[in-house]
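Below, each chain spelled out in residue letters.
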Amino acid sequence: MTTASTLPVVVVGAGPVGLAAAANLIEREMPFVILEAGSMVGSSVAQWGHIQMFSPWRYTIDEASARLLGEKWSRPAADSYPFGADLVKDYLAPLAEVPAIAAGLRLGTTVTSVTRKGMDRSQSKQRDGAPFVVTVDTASGP
């Protein structure tokens, strides 16, 4: 029987928040899948890569992500302000290459709907225990 507790957590988007969520799930030993509509991690951020962020690196880097990246990763200066392109190149791309994250990453996967299995919007009885059904579009179809 499939229940909500036996399914992976679905993370929608492989930007800073989505990858941070995945890093935190790894620390909690919870299975996950990351669904990213773009062709690379941080696709939305890359669109404004020429713009400097208003927050310095110290507020941008998730600590679980930093632990996952480990000592081989060169952490940017805490007080410097990255451009969007820096965020992708220096943080998101290396994080996505960590095997534990890469294994769950699905690029080119657009989420088209999220519902509760066997439920419609008007039902609320036992709704919280029903697993989610996530419908996606990929290059090979829905």
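Cut-offs and rules
- Residues numbered from 1 in each chain as written.
- Predicted model: local features only at pLDDT ≥ 70, side-chain atom pairs only at ≥ 80, totals over all residues.
- Heavy atoms only, no water.
- Salt bridge = Lys/Arg side-chain N within 4 Å of Asp/Glu carboxyl O.
- Helix = DSSP H or I, 4+ residues; strand = E, 2+ residues; numbered from the N terminus.
- Buried < 20%, exposed > 50% of the residue type's maximum accessible area, 1.4 Å probe, protein only.
- Core = buried A, V, L, I, M, F, W, Y, C linked by side-chain atoms within 4.5 Å.
- Contact = heavy atoms within 4.5 Å.

Novice: So what's going on with the pattern of salt bridges? Which residues, and what values?
Specialist: Counted according to the given criterion, the structure contains four salt bridges. The partner of R58 in a salt bridge is D79, and the shortest N-O contact between them spans 2.8 Å. Linking R58 in the loop between α2 (43–47) and α3 (63–69) with D79 in the loop between α3 and α4 (84–97), this pair joins segments that are 21 residues apart in sequence. Residue R58 is classed as partly exposed on the basis of its relative accessible area of 45%. When its relative accessible area of 53% is taken as the criterion, D79 is described as exposed. For R75, the salt bridge identified is with E63, shortest N-O distance 2.7 Å. With R75 in the loop between α3 and α4 and E63 in helix α3, the pair connects residues that are twelve residues apart, well separated along the chain. In this structure R75 comes out as partly exposed when scored by relative accessible area, which is 40%. We classify E63 as partly exposed; its relative accessible area is 39%.

Novice: Pulling in residues and values, what's your account of the environment of Y59?
Specialist: Positionally, Y59 belongs in the loop between α2 and α3. Taking the C-alpha atoms as reference points, Y59 and A93, 34 residues apart in sequence, are found 18 Å from one another.

Novice: Tell me about the nonpolar core, and name the residues and values.
Specialist: Formed by 24 residues in total, the largest nonpolar core has its most connected members in L19, I34, V41, L87, Y91 and L92. Mapped by element, the contributors of at least two residues to this core are α1 (16–27), β2 (32–35), α3 and α4. Apart from residues lying up to four places away in sequence, I34 is in contact with V11, G13, A14, L19, A22, I101, G104, L105 and R106.

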